[in-house]
Every structure is written in structure tokens, then in C-alpha cells.
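Single-letter residue listing:
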Amino acid sequence: MAYGHKTPHQARVRAHVVLHAARGHSNARIARETGLHVDTVRTWRGRFAEEGIPGLADP
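Residues numbered from 1 in each chain as written. Predicted model: local features only at pLDDT ≥ 70, side-chain atom pairs only at ≥ 80, totals over all residues. Heavy atoms only, no water.

1. Here we look at the packing of aromatic side chains
Under the defined criterion, the tally for this structure stands at zero aromatic pairs. Between Arg47 and the ring centre of Trp44, over which it is positioned, the NZ or CZ distance is 4.6 Å. (Phe/Tyr/Trp six-rings, centres within 6.5 Å; stacked < 30°, edge-to-face > 60°. Lys NZ or Arg CZ within 6 Å of the ring centre and 35° of its normal.)

What follows is the structure, encoded as C-alpha cells:
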């Protein structure tokens, strides 16, 4: 995760997904507000729910 030139941006976006989710926002709302596809939001929320912070790293 530390070597990609987009890594800091990707980590920030994933953190925003988690923070929005913690505020009770729906996947659709998070997708609209972050510019991500709803399936991407669902993926990152699921990984965080199952694995915590390590789940936000690139697979």
C-alpha cells in the first residue's frame, strides 16, 4: 500500500467511506458524496466491517 502514487488519495477516500458509514449514511448517499460507484462503497464498508482498518488496504 505504501508504494503506489495514488495510495494516499485511495486511503483518504476509503476513510471517508467509513466515516460516512459511521454517521449512518446509506451506501447510495456515500456514493453520491464521494463520487464512487455504490458497489465500491459496499465493498469497502464490508471489508471494514469484517477486518477493521487492515481491511482498507489494497488486496
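Here the narrative resumes.
2. Re the nonpolar core
Core analysis: the largest hydrophobic core is formed by eight residues, namely Val17, Val18, Ala21, Ile30, Ala31, Val41, Trp44 and Leu56. Mapped onto this core, the elements with two or more residues apiece are helix H1 (7-22), helix H2 (27-34) and helix H3 (38-51). Here this core takes three residues from H1, the largest share from any one element. For Val17, the residues in contact, after removing those within four places along its chain, are Ile30, Leu36, Val41, Trp44 and Arg45. (Core = buried A, V, L, I, M, F, W, Y, C linked by side-chain atoms within 4.5 Å. Buried < 20%, exposed > 50% of the residue type's maximum accessible area, 1.4 Å probe, protein only. Helix = DSSP H or I, 4+ residues; strand = E, 2+ residues; numbered from the N terminus. Contact = heavy atoms within 4.5 Å.)

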